[in-house]
Structure formats: structure tokens, C-alpha cells
Amino acid sequence: AVWNSADKNADGNLDTEEARELLRLLMTRPVFGLLVKEHILRHAETELNLVVDALSLAPKVVELNNTALAAVQVSIVDMAPQSHEVAHRFWESMDINKNGYVSKEEFTLRFLDSFQTEVIKPFIDDAQ
């Protein structure tokens, strides 16, 4: 399903413009922010020896949750000017054979790892 949405011109390859549009679509979904926020909360849990439950009503946990969500929003705004470079690194990391094309097979094999390494991790690092 993701491939069909990503390969806009249905030529069987993902070009850099299609990768950029895919990232734009993914990063503007609420689930992207929630995913990054949860990573931040897990980091805080480890670093501060906290038990973080996003559903908890404990004041400190609510404050931490709100701070993490605000950090995600700031990070998205901060990283927006770099979106072309992020999309290019994301696309390059999926081009396994470095032939200048990302085939459906390469996309299927590398999408999740590439998204984690080239998109999610930089956002988490920036937000923390």
C-alpha cells in the first residue's frame, strides 16, 4: 500500500521527488509526532529512571508528556528547511545497488530501516 502511494507515476521506481512527497505525507500525519514523542519519553524514562505512562495523570508525567510533544513540534519546524536533504538521504539509503533508482524490491527491503535511520532518528536527536 505504501509503495502504491509513493510511486506516483507508476513507473516501478521511486525518484527523489516521489521520496520527498512521501516524507511530506508521513511527517504531516499525527502518528509521526506521536512516534517521535514516544521515543523521547522512552529516552527520558531511561535517563531519568522514570516510569513514564502517557495515560497517567501524575502531574510530572503530564508535564513531561507535554514537554516532549512541544519538542516534537519545534523539531518539525526546525527540520523543515532540511527536508530536501533528509528526503535525499532517505532515498539514497534505499538505493541498495546505487544505480540511481529505487525499485519496488529495494523499497520493500529498505523502507523501514531507512525511515528509522534517516528520518526518525534525526528528529529524535533534534527534539531531545
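Above: the structure in question.
Below, the structure is looked at part by part. (Residues numbered from 1 in each chain as written. Predicted model: local features only at pLDDT ≥ 70, side-chain atom pairs only at ≥ 80, totals over all residues. Heavy atoms only, no water.)

1. Looking at the overall build of the protein
Scanning the protein from N- to C-terminus turns up six helices and two strands. Ordered by position from N to C terminus, the α and β elements of the protein give α-β-α-α-α-α-β-α. The contacts in the protein between residues at least 6 apart in sequence include a share of 61% that link residues at least 24 apart. (Helix = DSSP H or I, 4+ residues; strand = E, 2+ residues; numbered from the N terminus. Contact = heavy atoms within 4.5 Å.)

2. Concerning unusual backbone geometry
One non-glycine residue with positive phi stands out, namely Ala10, at about 55°. Along the chain, Ala10 turns up in the loop between α1 (2-6) and β1 (13-14). A positive phi angle is found at Lys98, which is not glycine, with a value near 55°. Note that Lys98 resides in the loop between α5 (83-94) and β2 (102-103). Under the relative-accessibility criterion, Lys98 is labelled exposed at 59%. (Buried < 20%, exposed > 50% of the residue type's maximum accessible area, 1.4 Å probe, protein only.)

3. Here we look at helix α2 (residues 16-27)
Spanning twelve residues, α2 covers 16 Å between terminal C-alpha atoms, matching the ideal 16 Å at 1.5 Å per step. One side-chain oxygen of the residue at the start of α2 lies 3.0 Å from the amide nitrogen of Glu17, identifying that residue as Asp15. (Expected span 1.5 Å × (residues − 1). Polar contact = N/O pair within 3.5 Å; in protein donor to acceptor, adjacent residues only side chain to side chain.)

4. Regarding the packing of aromatic side chains
Per the stated rule, a full pass over the model turns up six aromatic pairs. Here Phe32 and Phe115 contribute two aromatic rings whose centre-to-centre distance is 6.2 Å and whose plane-to-plane angle is 65°, an arrangement assigned as edge-to-face. One end of the pair, Phe32, is in helix α3 (residues 30-48); the other, Phe115, is in helix α6 (residues 104-127), and 83 residues separate them in sequence. Using a relative accessible area of 3% as the deciding quantity, one classes Phe32 as buried. Ring geometry for Phe90 against Phe111: centres 5.9 Å apart, planes inclined by 75°, an arrangement best described as edge-to-face. Of the two residues, Phe90 is situated in helix α5 and Phe111 in helix α6; the sequence distance between them amounts to 21 residues. When sorted by exposure, Phe90 lands in the same class as Phe111, which is buried. (Phe/Tyr/Trp six-rings, centres within 6.5 Å; stacked < 30°, edge-to-face > 60°.)

None of the figures reported here should be taken as evidence of function without further support.
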